[in-house]
Number of protein chains: 2
Amino acid sequence: MFPGCPFKILEKPKFVYEGKWLKMREVRFRKSDSSAEQVWESVHRRTVPQSKPDAVVVLATLHRNGKKYFILIKQYRIPMGGTCLEFPAGLIEEGETIEAAGLRELKEETGYTATKILSCTKGKQSLSPDLADESISIMLVEVDGDAPENKNLKQDLDDGEIIEVVLVECEKLLSYIEFICTEVYVDSMVYTFALGMNYAQHLF
Amino acid sequence: MFPGCPFKILEKPKFVYEGKWLKMREVRFRKSDSSAEQVWESVHRRTVPQSKPDAVVVLATLHRNGKKYFILIKQYRIPMGGTCLEFPAGLIEEGETIEAAGLRELKEETGYTATKILSCTKGKQSLSPDLADESISIMLVEVDGDAPENKNLKQDLDDGEIIEVVLVECEKLLSYIEFICTEVYVDSMVYTFALGMNYAQHLF
């Protein structure tokens, strides 16, 4: 269960609470034989395929009238108690490929149909590894905003979703984020992506 | 408690489990008056100052012998059951500024002393807003690797930490990540930062 773990795991992990979707786990461990016993609490989804990431995050660039935009979403997040600016994303269903899940989530959450898959990250990327085992894959796609399928957009939202689509001109992403980051929670992936863009402009 | 919430919150949020560090919350809600009742489960830290982000993430560039490196860390994460490649980071203590926490965590986790704070994000950035209320601020710093304080490096790790410092040449970040992403969990912030750098090189 803990291959390559440098800590001494003292007993089988224990699920101390099981909700409808989430469960809480306790792991008792020591850093070394002479260290004090500690407990690491974490949260896990109840129903998730183990071989794939839990979710796919879609980094979509919209090309329209010669301009380029990132397709972002604003949604109220009950766990946060506020509105978040995020990349479109969602859980990968059983038997679904990462790519199919990404195309489906982009379409459901924003109405846009991707016209080209550029890349999809391999492995699993951690989101909050101090707290949870949740993992994602990141898919980069292009959306032709002038294509007929992207003319009459229609979201197809779940009962737990109320989503506003936000288009941000690619080269203005960081300044847009800096403008709104005290009003909404900018997701850390959106923010680090924008910081990476800004960093590269000064580095290269 | 839920200002600006577009959902109908049906009762006061209920903490259904309290561990040593984490607690699990249930919120009953409807999307609209005619929608079915739903429950949103989430996880929250027990002891966290509400006005500041929970943690600071340090994006540190090391300058040494005319070369530039990102200072990353590899650490085994019990919640993930595996090793993660991450930016140095840590919880902000009570009464501590974000900047002070960032400098302290960088020094404790990697041994390096930052010589210049470049910027620090405002507001709070979400990490896993579907699941938790955890939030961060992102601090960019420079580290002069030729300075005397960065000659004899010494980590100062907690009992729950075993951390390996990894230096990656800045322009090789994405190729390094792509090389190791099936062996370790690359944190989503590290990956999106690298994708942002790569994106900008092709965009501008």
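What counts and what doesn't
Residues numbered from 1 in each chain as written. Chains lettered and ligands numbered in written order. Predicted model: local features only at pLDDT ≥ 70, side-chain atom pairs only at ≥ 80, totals over all residues. Heavy atoms only, no water. Least-squares fit on C-alpha atoms with pLDDT ≥ 70 in both. Helix = DSSP H or I, 4+ residues; strand = E, 2+ residues; numbered from the N terminus. Buried < 20%, exposed > 50% of the residue type's maximum accessible area, 1.4 Å probe, protein only. Contact = heavy atoms within 4.5 Å. Salt bridge = Lys/Arg side-chain N within 4 Å of Asp/Glu carboxyl O. Lys, Arg positive; Asp, Glu negative; His and termini not counted. Domains from an automatic or database assignment. Buried area = accessible area lost by both parts, 1.4 Å probe. Polar contact = N/O pair within 3.5 Å; in protein donor to acceptor, adjacent residues only side chain to side chain. Nonpolar A, V, L, I, M, F, W, Y, C, P; charged D, E, K, R; others polar. Axes fitted to C-alpha atoms, helices over the stretch in contact; angles between N-to-C directions. Parallel < 35°, antiparallel > 145°, perpendicular 65-115°, else oblique. Left-handed = near helix turned anticlockwise from the far one by under 90°. Disulfide = S-S within 2.5 Å. Pairing = 2+ DSSP bridges.

K.L.:
Before we move on, can you summarise the relation of the copies chain B and chain A with the specific residues and values?
P.N.:
Aligned on chain A, chain B shows an RMSD of 0.0 Å; the corresponding rotation is 180 degrees and the shift along the axis is 0.0 Å. Here the symmetry operator amounts to a two-fold rotation axis.

K.L.:
Explain the environment of Val190 of chain B residue by residue, including any values.
P.N.:
Residue and element names in this part refer to chain B. If you trace the backbone, Val190 turns up in helix H3 (residues 188-203). Residue classification places Val190 among the buried residues on the basis of a relative accessible area of 0%. Taking the C-alpha atoms as reference points, Val190 and Leu85, 105 residues apart in sequence, are found 7.7 Å from one another. Here Val190 is in contact with Leu72, Leu85, Glu86, Phe87, Leu173 and Ile177, once residues within four sequence places are set aside.

K.L.:
Could you give an account of the pattern of salt bridges, naming the residues involved and the relevant values?
P.N.:
Counted according to the given criterion, the structure contains 30 salt bridges over all chains. Between Glu11 of chain B and Lys14 of chain B there is a salt bridge; the shortest N-O distance is 3.9 Å. Taking relative accessible area as the criterion, Lys14 of chain B reaches 39% and is therefore assigned partly exposed. A cluster of three or more residues bridged by salt bridges with shared partners is formed by Glu11, Lys14, Glu26, Arg28 and Glu37 of chain A.

K.L.:
How would you sum up the side chain of Lys23 of chain B? Please name residues and give values.
P.N.:
Summarising the element assignment, Lys23 of chain B is placed in strand E3 (residues 22-30). For the buried Lys23 of chain B, which has no salt bridge, the nearest side chain bearing the opposite charge is Glu18 of chain B, at an N-O separation of 4.9 Å. Discounting residues that sit within four places of it in the chain, Lys23 of chain B has contacts with Met24 of chain A together with Phe15, Tyr17, Glu18, Ser42, Val43, His44, Arg45 and Arg46 of chain B.

K.L.:
Help me get a handle on the domain arrangement of chain A, residues and values and all.
P.N.:
All names here are of chain A. Entries for chain A in the domain assignment read domain 1 (7-45) and domain 2 (55-202). Interface area, domain 1 with domain 2, both sides summed: about 480 Å², of which 42% is carbon and sulfur. Its largest share of buried area at the contact with domain 2, domain 1 owes to Trp40, Val43 and Arg45, together 73% of the area lost on that side. In this structure, Glu134 engages Arg45 in a salt bridge whose closest nitrogen and oxygen atoms are separated by 2.2 Å. Where domain 1 touches domain 2, the interface holds five residue pairs in polar contact (both at pLDDT 80 or more). Of the residues in the side of domain 1 that touches domain 2, the class split is two nonpolar, two polar and two charged.

K.L.:
Now, about unusual backbone geometry: what can you tell me, with residues and values included?
P.N.:
Peptide bonds are, in most cases, trans, and in most cases residues other than glycine have a negative phi. Residue and element names in this part refer to chain A. Located in the positive-phi region is Asn65, a residue other than glycine, with phi close to 50 degrees. The residue Asn65 is located in the loop between strand E5 (55-64) and strand E6 (67-77) in this model. Judged by relative accessible area, Asn65 falls into the exposed class, the value being 66%.

K.L.:
Describe the packing of helix H2 (residues 173-180) of chain B against H3 of chain B, naming the residues involved and giving the relevant values.
P.N.:
Residue and element names in this part refer to chain B. Interhelical geometry of H2 versus H3 gives an angle of 135 degrees and a closest axis separation of 9 Å. The orientation of H2 with respect to H3, classified from their angle, is oblique. Our pair here, H2 against H3, has a crossing hand that is left-handed. Contact residues: H2 offers Leu173, Leu174, Ile177 and Glu178, while H3 offers Val190, Tyr191, Phe193, Ala194, Leu195, Met197 and Asn198. Residues of the contact of H2 with H3, tallied by class, amount to nine nonpolar, one polar and one charged.

K.L.:
Outline the state of the cysteines, supporting the account with residue identities and numerical values.
P.N.:
What the rule picks out here adds up to zero disulfides over all chains. In this model Cys120 of chain A remains outside any disulfide bridge; the closest cysteine sulfur is found in Cys181 of chain B, 10 Å from its own.

K.L.:
Give a description of the packing of helix H3 (residues 188-203) of chain A against H3 of chain B that names residues and reports values.
P.N.:
One can describe the packing of H3 of chain A onto H3 of chain B by two numbers: an axis separation of 6 Å at closest approach and a directional angle of 40 degrees. When the axes of H3 of chain A and H3 of chain B are compared, the pair comes out oblique. Handedness of the crossing formed by H3 of chain A with H3 of chain B: right-handed. Together, Ser188, Met189, Thr192, Phe193, Leu195, Gly196, Met197, Tyr199, Ala200, Gln201 and Leu203 of chain A of H3 of chain A and Ser188, Met189, Thr192, Phe193, Leu195, Gly196, Met197, Tyr199, Ala200, Gln201 and Leu203 of chain B of H3 of chain B make up the contact between the two elements. Partitioned by chemical class, the residues of the contact of H3 of chain A with H3 of chain B number 14 nonpolar, eight polar and no charged.

K.L.:
Please set out the pairing of strand E3 (residues 22-30) of chain A residue by residue, giving values where relevant.
P.N.:
Residue and element names in this part refer to chain A. Counting buried positions over the nine residues of E3 gives seven, a clear majority of the element. With two bridges connecting them, strand E1 (residues 8-9) and E3 associate as antiparallel partners. By the bridge assignment for E3, Lys8 is matched with Arg30. Bridge count between strand E2 (residues 14-18) and E3: four bridges; the pairing is antiparallel. Residue pairing for E3: Lys14 is matched across the bridge by Glu26. Between E2 and E3, which pair antiparallel and follow one another directly, the connecting turn spans three residues. Across eight bridges, E3 lies against strand E4 (residues 38-45) in antiparallel orientation. Of the residues in E4, the one forming a bridge with Met24 is Val43.

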